[in-house]
Amino acid sequence: MITSLSKEAKELAAKEGVSLNQFINLAIAEKVEYLENEAWIARRRPVTQERIDSALALLNRAGTLPPEPRDEVPESYKAWERERRGRGKAGAEKV
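Description of the structure in this document.

Calculation criteria
- Residues numbered from 1 in each chain as written.
- Predicted model: local features only at pLDDT ≥ 70, side-chain atom pairs only at ≥ 80, totals over all residues.
- Heavy atoms only, no water.
- Helix = DSSP H or I, 4+ residues; strand = E, 2+ residues; numbered from the N terminus.
- Rg over C-alpha atoms; globule rule 2.2 N^0.38 Å.
- Buried < 20%, exposed > 50% of the residue type's maximum accessible area, 1.4 Å probe, protein only.
- Areas by Shrake-Rupley, 256 points an atom, 1.4 Å probe, with all protein chains shown as cover.
- Lys, Arg positive; Asp, Glu negative; His and termini not counted.
- Charge placed at Lys NZ, Arg CZ, Asp CG, Glu CD.
- Phe/Tyr/Trp six-rings, centres within 6.5 Å; stacked < 30°, edge-to-face > 60°.
- Salt bridge = Lys/Arg side-chain N within 4 Å of Asp/Glu carboxyl O.

**Things to note about the overall build of the protein**
Phase 1: Per the secondary structure count, the protein includes four helices and zero strands.
Phase 2: Of the regular secondary structure in the protein, the N- to C-terminal order runs α-α-α-α.
Phase 3: In terms of C-alpha radius of gyration, the protein reaches 24 Å, well past the compact-globule figure of 12 Å for 95 residues.
Phase 4: Dimensions of the protein, computed from C-alpha atoms along their principal axes, come out at roughly 65 × 35 × 25 Å.
Phase 5: For the protein, buried positions account for 4% of its 95 residues.
Phase 6: As displayed, the protein offers around 9,100 Å² of accessible surface, 58% of which is attributable to carbon and sulfur atoms.
Phase 7: Of the side-chain charges in the protein, 17 are positive and 16 negative, and the distance between the mean point of each set is 5 Å.

Right, dumping it as structure tokens:
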């Protein structure tokens, strides 16, 4: 098994155009990144409706500067938002 794994790793490294050492380092880095991300997800605060509402309130806050050209809210979003608000919180889809 180890021989076949070594052979496969060498073939994949050659296919990627890197040395076996670089290939192994990249594989380790990807695994570490994955594990760190899993740990971060486990530690983060759960998403609650209160946190969603707070984030939306922040995003909906009016600024003091006018929008830059082509930075306006699209009409399609405004129509969707009017429809969503018309349904009320009970009928709104969960985010």
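Here the narrative resumes.
**A closer look at the packing of aromatic side chains**
Phase 1: One pass over the full model with this rule turns up one aromatic pair.
Phase 2: Between the aromatic rings of Tyr 77 and Trp 80, the centroid separation amounts to 5.5 Å while the plane-to-plane angle is 35 degrees, which identifies the pairing as tilted. Of this pair, Tyr 77 and Trp 80 both sit in helix 4 (residues 75-91), three residues apart, which is roughly one turn of the helix.
Phase 3: On the basis of relative accessible area, Trp 80 is assigned to the partly exposed category, the value being 39%.

**Considerations on the pattern of salt bridges**
Phase 1: Applying the stated criterion across every chain, the model contains three salt bridges.
Phase 2: Taking the shortest distance from any N to any O, the salt bridge between Glu 75 and Lys 78 comes out at 3.4 Å. With Glu 75 and Lys 78 both in helix 4, this residue pair falls three residues apart, about one helical turn.
Phase 3: What you see here is one network of salt bridges that share partners, running through Glu 81, Arg 84 and Arg 85.

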